[in-house]
Amino acid sequence: MLKLVVRGIRANLGRLALTLISVVLGVAFVSGSFVLADSLRSIFNQISEDAFAGVDAQVRAVEPELNSSGENLIRFDESIIADVQALPEVEYAEGGIFAFEQTYSLLPDGEINRPLGPPVFTSSWGGPSPVSSFTIVEGEAPSGQQVALDSSQATAGGFAVGDMVTMSLPTGEPEQFQLSAIIDFGDGGTGGAYFNLFDLDTTQRILDAGDVIDSIVVNGGSTDADALLTAIEPLLPADIEVVSGETVIGEQQEEFGGFIDIFGNILLGFAVVVLFVSTFIIYNTFAILVGQRTKQLGLLRSIGASGTQIRLMVLIEAVIIGIVASIVGLFGGIGVAWGLKQLFSTGGNSFPDGPLQIQPRTVIVVVLVGLVVTVLSAILPAIRASRVSPLEAVRDGGRKERSMTFRLVAGAIVLLPGLVLLALGMFGDIDGTASRLTSIGVGAALTFIGVSMLSALFAGRAAGTLGIPVEATRGINGRLARDNASRNPQRTAATATALMIGLALITGVAVLTASLLATFDDLLDDALTADLFVYEANQGLDFSSSVVEQLDALDTTEDVAGFAIVEMFVDGEVESVTGFDTATGTAVINPGIVDGVAELSERGLAVFDETAADRGWALGTTVPVEFEDGFTTDLTVELIYDDRSIVENAFIVNRELSRQHVQIDAVAFVGVTFPDGADAAAARADVETVTNNFAQLTVQDNTEFQEEVEGQVGQIQIVISGLLVLCLVVAFFGIINTMALSVLERTREIGLLRAVGMTRSQLKSTIRWEAVIVSIFGALLGIGMGLLLGWAAVIAIPDSFISKVGIPWGSLVVYLVVGGVIGVIAAYFPARRASKLNVLDAISHA
Amino acid sequence: MTATPTTAAEVTWAARADSASKVYGSGDTEVHALRGVSVGFESGKFTAIMGPSGSGKSTLMHCMAGLDRLTSGSAFIGGTDLGTLNDKQLTKMRREQVGFIFQSFNLVPTLNVVENVTLPSDLGDGKIDKDWVHEVIETVGLGDRISHRPNELSGGQQQRVAVARALATRPEIVFGDEPTGNLDSRTSAEILDFMRRAVRELGQTIVMVTHDPVTASYSDRVLFLADGQIVKQMEDPTPDSVLDTIKSLGD
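Residues numbered from 1 in each chain as written. Chains lettered and ligands numbered in written order. Predicted model: local features only at pLDDT ≥ 70, side-chain atom pairs only at ≥ 80, totals over all residues.

**A word on the overall build of chain A**
Counting its regular elements, chain A contains 23 helices and 27 strands. Dimensions of chain A along its principal axes, counting C-alpha atoms only, are 95 × 65 × 50 Å. Counting every position in chain A, which comprises 846 residues, the buried fraction comes to 50%. Within chain A, contacts between residues at least 6 apart in sequence are counted, and of these 84% link residues at least 24 apart. (Helix = DSSP H or I, 4+ residues; strand = E, 2+ residues; numbered from the N terminus. Buried ≥ 20, exposed ≤ 12 C-beta atoms within 10 Å, placed from the backbone. Contact = placed C-beta atoms within 7 Å.)

If you want it as structure tokens, here you go:
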């Protein structure tokens, strides 16, 4: 029997090779995701271990419940350094202060020198020591008005040791520093991040931080790690802790690992989608192959093969393909991961190099996934094959198709729960956006399968209808194309499904994007009344609140309002709260005042209307709050608002109050208005004289702000669609495969057509248009499903984020055209092959 | 020997072959399917080609019909040397000047009767004498089934559609490749009768390959091939005379 399987595979090598590609693509995606994530994790783990190699213990603040400064750490008095250093157990201790972003080197033209994406760290550094995380590449440790920069930053800025480098500082007054050293983090690159290192005093000065630090790293020499911790512990005040070096490394690795996990899981998610699409292709190929071999199978049955044996034959074929595809995909994925890693390493991001991590888990999962997906997809065709009766060996043609009633019932059984889940995700009483979207995701997968099954019911008629214009314009070629596209509805449906899923997802993303932008457009018209906005466009980071005062001091500005994000207890719960310059805030934004006064008093509180309703609060309600520094007071609800699009938080307090009780007085966003009749260009130039001193800040008017957001959203869409394009590639191979098989099936018919006068180009045109009709059918289904999914997601996502459904008509037309083009390209090889058939051979083809 | 009468100057040839040779393969596996056959098919005549398997009868027909090319020599349809035509011109020639009736699988399953009949013309400029098409379909007795699909027709009906298609463009010549090979004798007789009427009454030229003496007896002339050469021809055949000839050639 194995011999038969092998012969069968050999006879259909071309078809199976195309099927193989669709499995391989999905499997390679899985394998690449694993290998890349594992390799990145291993590299970052190594970096952490290198960087903290000499750190036996770290003294730091206990993470408080409230931390408005975000990534920037909680600071404490530097006097503890001397106490720790004085311990006999301590060989070496260095206190330091650190900041996320805040300082930047400037390029000679005054532009900011920052990496695209990765962060810029500012840190104090005491020079090479047992606890140093940095190694000097060239030069000496910075001291006084000196700075040390990492090598990639120095290269990007064209700085050499000894050069004077202008640094943008959080104080808003750039200063010149001499580049004393070029350094590396750990032993290798920085993973793309930039490091600006100063001595401790300078760091404290430029961060405007006073005599505080956020950590002490300790080397205990020969002291036992536990003994070191025990010795330091008693010196520390209540909210300061000491942890071992291992803990620090572990935390670092966990943090990096978290990012890498997210990254890897996103890739895996796409891989799953690609595999899902592949199953339709594999199923289709096997179904067609079994159909074409009906006579052979009938013969086998008539000479004594049992149904089980036939079924096994098909499944063994699937197993062999699955294994081959898995292995090819495994190596393909490893190759892609290697390529990406090389790209990172050489991309100027000083990405440290490390070995590719191919873990046994990767191999096992990949092979299993490839195998399971292939075999699962082949089960139905295998069962069908085993039902071929011996009589069909002698009966001519006329394969019987499964009854449409069965399809209707089976399709409905799958589709209905899918739609229910979709509806639940949209309108159901489910808490949390994530679970809503999960419900929609699972619902979507079921809906895809259901629609795929049911589409066979109308694929024939649909293809026939779509073919009408083709027939009208292409005459007999169009007529034949139309007939061929609609003559086998099940095949048309299965082929179109693969394309449908890819385009549905891409359309769904496009609808989400368009909805996001439509929401944003609306919001911008209503909510933003400022002439200019100042903010950090790269990561939305906080910056010094002195920007607000400096802008306010300008003659050319009317109202200037800063917005801070602070963490505080509101009625006992940790909340993110907006600090609002109440005198001017409503001049630059419109939070949608439902009730109350526009100008909050110092102890005033504004509450989002739904939140107020949830908590049963109204104007005049007194709410207890506690700030980061432990200050507690009662605030009175003075304002209810209903637009959270700009003020993202559900609470607003007076910034005059909040700034007094946070560790770092920063703002996230500043709005500026000009006096009536002001020269906008001149006023803007004035504003920029201030903001230019904060290199990270971006100044934008409404239009620019809108373009910026559109650009960012557009980029995300491009990345997601780019990954989803792989689904289209799989679908593309599926169409080639189906077309090739259909052509093969119709060899005699093609011979006849050629004999009675069809030219080669007419034949090609017929096949091409058939593929186009099938593709357009798939594309239309996909676009329809995509609209449904996008709409579902928009409903499921909170209104504060997306409140309006946007339909990207232009993109939809493009997707439809893309569908057609995919058909044209996919038909190329089958059409060429068909046109080269020898007429006589074709006519006598069995 | 040559089957072309050299004296009959008034005769018009619907198709003819001149020293037609066809060789398949090369070297040791070389097969000479036709060895310098010269033959003419007179307009308005019904010719049968007979011969044992491998005698070259099908090859001769395929080459004369423009479905295959000769290795040497020439084949003409009307006055056109098929050897001078490229694939596209040859296709056009088949579409306009040649009709085909194959043994089976004659029809495009997705097209109905009338569409199958007009297929060659639809593949071309679409100009066709509609009255003539309907007359032909009526004549083959399928006037009440013009919008049926092939799978709704019996084997004999399908062959009649094929005959109608072959005649619909009023081609120079119609080739039949065992046109009744798959039919029972009664249906065969119907089809053959009709083919003979097309020749007698409509002046059509038909050439068919067959191995059945009864089928051959419907023709005006039978050519016998063996080993790639015409070994005998017979005018006004009867089943018995054909059978006798086959027997005598077999000896």
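**Topic: the nonpolar core**
One recurring pattern in soluble globular proteins: nonpolar side chains tend to sit buried together. Residues and elements named next belong to chain A. In this structure, Val218, Val274, Val314, Val670, Cys727, Ile773 and Phe777 are the most contacted members of the largest nonpolar core, which totals 316 residues. Ranked by residue count, the leading element in this core is helix α2 (residues 13–51), at 20 residues. If we ignore the near neighbours within four places in the chain, the residues touching valine 670 are Val534, Val547, Val548, Leu551, Val560, Ala561 and Gly562. (Core = buried A, V, L, I, M, F, W, Y, C linked by C-beta atoms within 7 Å.)

**Here we look at the environment of His62(B)**
Mapped onto the elements of the fold, His62(B) is located in helix α1 (residues 57–64). Judged by the 22 C-beta atoms lying within 10 Å of it, His62(B) falls in the buried class. Between the C-alpha atoms of His62(B) and Val214(B), which are 152 residues apart in sequence, the distance is 23 Å. Look past the residues within four positions of His62(B) in its chain and what remains in contact with it is Leu840(A), Leu67(B) and Asp68(B).

**Thoughts on the packing of helix α12 (residues 433–487) of chain A against helix α21 (residues 760–796) of chain A**
Residue and element names in this part refer to chain A. Packing of α12 against α21 leaves a shortest axis separation of 6 Å and a crossing angle of 150 degrees. Judged by the inter-axis angle, α12 sits roughly antiparallel to α21. For the element pair α12 and α21, the recorded crossing hand is right-handed. For the contact of α12 with α21, a count of residues per class yields 23 nonpolar, nine polar and four charged. (Axes fitted to C-alpha atoms, helices over the stretch in contact; angles between N-to-C directions. Parallel < 35°, antiparallel > 145°, perpendicular 65-115°, else oblique. Left-handed = near helix turned anticlockwise from the far one by under 90°. Nonpolar A, V, L, I, M, F, W, Y, C, P; charged D, E, K, R; others polar.)

**Looking at the packing of helix α13 (residues 489–527) of chain A against α21(A)**
All names here are of chain A. Put simply, α13 and α21 touch, their axes get as near as 5 Å, and they point 40 degrees apart. α21 is crossed by α13, and the crossing has right-handed handedness. For the contact of α13 with α21, a count of residues per class yields 21 nonpolar, twelve polar and no charged.

**Things to note about the interface of chain B and chain A**
Contacts between chain B and chain A engage 21 residues on the former and 20 residues on the latter. Taken together, the elements giving at least two residues each to the side of chain B that touches chain A come down to α2 (87–97) and α3 (113–123) of chain B. In terms of residue count, the dominant contributor to the side of chain B that touches chain A is α2(B) (six residues).

**Observations regarding the domain arrangement of chain A**
All names here are of chain A. In terms of domain boundaries, chain A breaks down into domain 1 (63–238), domain 2 (433–527 + 705–846) and domain 3 (532–700). On a C-alpha basis, the centroid separation for the pair domain 1 and domain 3 is 31 Å. Taken together, the contacts link 19 residues of domain 1 with 20 residues of domain 3. Grouping the amino acids of the side of domain 1 that touches domain 3 by side-chain chemistry returns seven nonpolar, seven polar and five charged. (Domains from an automatic or database assignment.)

**Focus on the sheet that holds strand β7 (residues 173–177) of chain B**
All names here are of chain B. One open sheet holds the six strands; their spatial order is β6-β7-β8-β3-β9-β10, and the pairing between them is mixed. At either end of the open sheet lies a strand with only one pairing partner, and these are β6 (98–101) and β10 (229–235). Within this sheet the neighbouring strands show an average axis-to-axis angle of 20 degrees, counted without direction. For strand β3 (residues 46–50) and strand β8 (residues 206–209), the ladder comprises four bridges, and the chain directions are parallel. Opposite threonine 47, over in β8, you have valine 207 as the bridge partner. Contacts from helix α5 (residues 155–168) reach β6 and β7 within the one sheet, and its direction differs from that of β6 by about 175 degrees. (Pairing = 2+ DSSP bridges.)

**Some words on the pairing of strand β16 (residues 532–536) of chain A**
All names here are of chain A. A large share of β16 lies buried, amounting to four of its five residues. Relative to strand β26 (residues 669–672), β16 is paired through four bridges, and the arrangement is antiparallel. Within β26, the position partnered with tyrosine 535 by the bridge is phenylalanine 669. The pairing of β16 with strand β27 (residues 697–700) spans four bridges and is classified as antiparallel.

**So, helix α6 (residues 225–232) of chain A**
Residues and elements named next belong to chain A. Residues Leu228, Leu229, Ala231 and Ile232 constitute the buried set of α6. One side of α6 holds all its buried residues, which, seen down the axis, span an arc of 165 degrees. Counted as exposed and oriented over 90 degrees from the buried face of α6: Asp226 and Ala227. (Arc of directions from axis to C-beta.)

**Topic: unusual backbone geometry**
All names here are of chain B. Phi is positive for aspartate 227, which is not a glycine, with a value near 50 degrees. Inspection of the secondary structure puts aspartate 227 in the loop between β9 (221–226) and β10. Of note, the phi angle at aspartate 236 is positive, near 45 degrees, even though the residue is not glycine. As for its placement among the helices and strands, aspartate 236 is situated in the loop between β10 and α8 (239–250). For aspartate 236, a count of 10 C-beta atoms within 10 Å puts it in the exposed group.

**Overview of the sheet that holds strand β1 (residues 13–24) of chain B**
Residue and element names in this part refer to chain B. Spatial ordering of the open sheet is given by β2-β1-β4-β5, a layout of four strands whose pairing is antiparallel. Only two strands of the sheet have a single neighbouring strand rather than two, namely β2 (31–42) and β5 (80–81). Where β1 and strand β4 (residues 72–77) come together, five bridges link them in antiparallel fashion. The residue bridging serine 21 from the neighbouring strand is serine 72, located in β4.

**Describing the environment of Val548(A)**
Among the structural elements, Val548(A) can be located in helix α14 (residues 546–552). For Val548(A) and Phe669(A), which are 121 residues apart along the polypeptide, the C-alpha to C-alpha distance reads 9.4 Å.

**So, the pairing of β10(B)**
Residues and elements named next belong to chain B. Sheet topology note: the β9/β10 ladder contains six bridges and is antiparallel. When the bridges of β10 are listed, leucine 223 appears paired with glutamine 233. Connecting β9 to the antiparallel partner β10 that follows it, the hairpin turn spans two residues, and aspartate 227 within it adopts a positive phi of roughly 50 degrees.

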